[in-house]
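Examining the three-dimensional arrangement
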Amino acid sequence: MAAKFQIRTTEENGTVVYYVSGPIDEESRFSEIEQAHERLIVDFRGVLTINSCGVRNWVNCMKKIRGLEISFRQCPPAIVKQLNLVPSFRANAKVLSVYVPYLCFQCDHESRLLVEMEDLAKGKEIPAVRKCELCGQDEMEIDGDESQFKMYG
Amino acid sequence: MLGALKKKRPLTAYGLFSKPEAAEKIFGGARHVHSSNLGAHDPLVQLTESGNGLGGEFRFPWELAAEARYVDVQSAEDRHRVLKDFLHGLGSEVHRTFKDVVGTVLEELISNAIYHGLRLENGERKFARLQKPRLQPSEYIKVGTVAAPDGVYLRVEDSGGRLGFDEIREAFHRCYQQGVDQIQQKECGAGLGLYMSFEQARHLRIDVWPGKKTVVSCWINRKRVPNEDNFSFNYFERT
């Protein structure tokens, strides 16, 4: 059964966290987030895909909460792509962390590394090459342009 | 006479470009953009030039139209079935990020065909994005896909023949400028689909038989390859 779009809400240390998951498309609505009135975190880890109308719906949501302190975290590559292509997708939000995809050139295995922007701002580098947990070779390289994952500053 | 001939000749831009630079070339009127460090000596440029002489009747090396598996899309709901079947057919060994990219591009191309390609007689869009239309018997959308070891070829043909070059110029310009008007609030869509597809694809080709049919096809690499800056855009208007 296809995953459905949904938003789950929790609270962490006094900040409301919205877990967005499933496909974001023309039918996705962000009314819970649009009603936020204080600082918030949006956790994108569960997002599977996002299409152009989903991007528009999200951007319209961001316009409605303009002025709030917004942070994005655990952004998968599909979200990172939009952060790079559509500036208003991020607007004034702070990106806390992104998933960087790696691909093994030896065995084609894929994995993702969660990178904290705070660490990058402190000078830590995104590893260019990683050891593949499947074949053991040091052949895992970033799948895509490394610069697109640097969202700090 | 010579001036008239020059004016009619589709402009080809070649050199080493970024995608935003290519978009500027297209905005400037280039119907063919080939980014390659071979410049004018790139075989693809020569193929495009000769293809123009043939009215676009030729195939680029990545085009596997003959081997493509074709399915018809009869309704907006069909999009999801076609996408699901194709992505499932890629197999579990194909990595997730690549599947996401292919899925996004294929969905955008099919959606473009439904919501932009098929129009009313006066050129107005027929459907709003939240509508789930069924195609009329006189209309068709045909989706061709090929999963090759090094990438994926996607081909979406619609019976509209309405995708004009000026519309593409405007869309790329608006999207790559990344200004406040980047996203459209039209009922038929956000105006980002072709931009998102061009960004993800290595080669994008559009053939339009005005008022008859449009074919949008692209090639997406399976993994990073040397010469990441090599890509192409081609728009052929055919009679």
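The preceding data block contains the structure.
Residues numbered from 1 in each chain as written. Chains lettered and ligands numbered in written order. Predicted model: local features only at pLDDT ≥ 70, side-chain atom pairs only at ≥ 80, totals over all residues. Heavy atoms only, no water.

1. Quick notes on the overall build of chain A
Operational definition: Secondary structure counts use DSSP, requiring at least four H or I residues in a row for a helix and at least two E residues in a row for a strand, with both numbered from the N terminus. Taken over C-alpha atoms, the radius of gyration is set against a globule rule of 2.2 Å times the number of residues to the power 0.38. For every residue, the accessible area obtained with a 1.4 Å probe (protein chains only) is divided by the maximum for its type, and the residue is called buried under 20%, exposed over 50%, and partly exposed between those limits. By definition, residues are in contact when any of their heavy atoms lie within 4.5 Å. Accessible surface area values rest on a Shrake-Rupley calculation with a 1.4 Å probe, where residue burial reflects the displayed protein chains alone.
Scanning chain A from terminus to terminus reveals five helices and nine strands. When the elements of chain A are put in sequence order from the N terminus, they spell out β-β-α-β-α-β-α-α-β-β-β-α-β-β. Relative to its length of 153 residues, chain A is compact, with a C-alpha radius of gyration of 16 Å against a globular reference of 15 Å. Referenced to the eigenvectors of the C-alpha coordinate spread, the extents of chain A come out at roughly 50 × 40 × 30 Å. Sorting the 153 residues of chain A into buried and exposed places 52% on the buried side. The contacts in chain A between residues at least 6 apart in sequence include a share of 57% that link residues at least 24 apart. Accessible area for chain A stands at about 7300 Å²; split by element, carbon and sulfur atoms hold 45% of it.

2. Some remarks on the pattern of salt bridges
All names here are of chain A. The condition is simple: The salt bridge criterion pairs a side-chain nitrogen of Lys or Arg with a carboxyl oxygen of Asp or Glu, the two atoms within 4 Å.
Under the definition given, this model contains 23 salt bridges over all chains. Here Arg73 ties to Glu12 by a salt bridge, and the two come within 3.0 Å at their closest N and O atoms. Taken together, the residues Arg73 in strand β4 (residues 70-73) and Glu12 in strand β1 (residues 6-12) connect sequence positions 61 residues apart. The exposure class of Arg73 is buried, given its relative accessible area of 14%.

3. Some details on the environment of Glu57(B)
Residues and elements named next belong to chain B. Our working definition: Polar contact is defined as a pair of N or O atoms within 3.5 Å, subject to the rule that within protein one atom must be able to donate a hydrogen and the other to accept it, and that residues adjacent in sequence are counted only when both atoms are side-chain atoms.
Checked against the element boundaries, Glu57 lands in the loop between α3 (43-53) and β3 (69-72). On a C-alpha basis, the gap between Glu57 and Arg238 in space is 9.0 Å, while along the polypeptide they are 181 residues apart. The contact partners of Glu57, leaving out residues within four places of it in the chain, are Gly51 and Arg238. Within the structure, the side chain of Glu57 is placed 2.7 Å from the side chain of Arg238, a separation counted as a polar contact.

4. Quick notes on the packing of helix α6 (residues 165-177) of chain B against helix α7 (residues 193-200) of chain B
Any two packed helices are characterised by the angle at which their axes cross and by the distance between the axes. Residues and elements named next belong to chain B. Keep this limit in mind: What counts as an axis is a line fitted to C-alpha atoms, over the stretch in contact for a helix, and the angles between N-to-C directions run from 0 to 180 degrees. For classification purposes, angles smaller than 35 degrees are called roughly parallel, those larger than 145 roughly antiparallel, those between 65 and 115 roughly perpendicular, and all remaining angles oblique. Asp, Glu, Lys and Arg are counted as charged, while Ala, Val, Leu, Ile, Met, Phe, Trp, Tyr, Cys and Pro are counted as nonpolar; the rest, among them Gly, fall into the polar class.
Packing of α6 against α7 brings their axes to within 9 Å, and their N-to-C directions diverge by 75°. The angle between the axes of α6 and α7 places the two elements in the roughly perpendicular class. Residues Ile168, Phe172, Cys175 and Tyr176 of α6 touch α7, and the partners they reach there are Leu194, Tyr195, Phe198 and Glu199. When its residues are assigned to classes, the contact of α6 with α7 shows seven nonpolar, no polar and one charged.

5. A few points about the interface of chain A and chain B
Using the following cut-off: Buried area: the accessible area, evaluated with a 1.4 Å probe, that two parts lose upon being put together, summed over both parts.
Of the residues lining the interface, 31 residues belong to chain A; the matching set on chain B comes to 27 residues. Interface of chain A and chain B: buried area, both sides summed, is about 2600 Å²; carbon and sulfur atoms make up 49% of it. The largest contributions to the chain A side of the interface with chain B come from Ser52(A), Arg56(A) and Leu85(A), which together make up 23% of the buried area. Applying the counting criterion to the chain A and chain B interface returns four salt bridges. Between Asp100(B) and Arg112(A) there is a salt bridge, with its nearest N and O atoms 3.8 Å apart. Our count for the chain A to chain B interface comes out at 15 residue pairs in polar contact (both at pLDDT 80 or more). Of all elements in the fold, only β3 (40-50), α2 (52-64), α3 (77-85), α4 (87-90), β6 (97-104) and β7 (110-116) of chain A reach the threshold of two or more residues within the side of chain A that touches chain B. Top element by residues in the side of chain A that touches chain B is α2(A). It accounts for seven residues. Here the side of chain A that touches chain B is built from residues that sort into 13 nonpolar, eight polar and 10 charged.

6. Here's the deal with the packing of aromatic side chains
Residues and elements named next belong to chain B. Put simply, the rule reads: Only rings of Phe, Tyr and Trp enter the pairing, Trp through its six-membered ring, and a pair is recorded when the two centres are within 6.5 Å. The plane angle decides the type: under 30 degrees is stacked, over 60 is edge-to-face, the rest tilted. Here, a charge over a ring means that NZ of Lys or CZ of Arg falls within 6 Å of the ring centre while also lying within 35 degrees of the ring normal.
Evaluated as defined, the whole model comprises 18 aromatic pairs over all chains. When the centroid spacing of 4.5 Å and the interplanar angle of 5° are considered together, the rings of Phe60 and Trp62 count as stacked. The buried category is assigned to Trp62, whose relative accessible area is 10%. Taking 6.0 Å as the distance between ring centres and 80° as the angle between the ring planes, the aromatic pair formed by Phe198 and Phe233 counts as edge-to-face. Taken together, the residues span a long stretch of sequence, with Phe198 in helix α7 and Phe233 in strand β8 (residues 231-237) at a distance of 35 residues. Its guanidinium or amino end placed over the ring of Phe198, Lys19 lies 5.1 Å from that ring's centre, counting from NZ or CZ.

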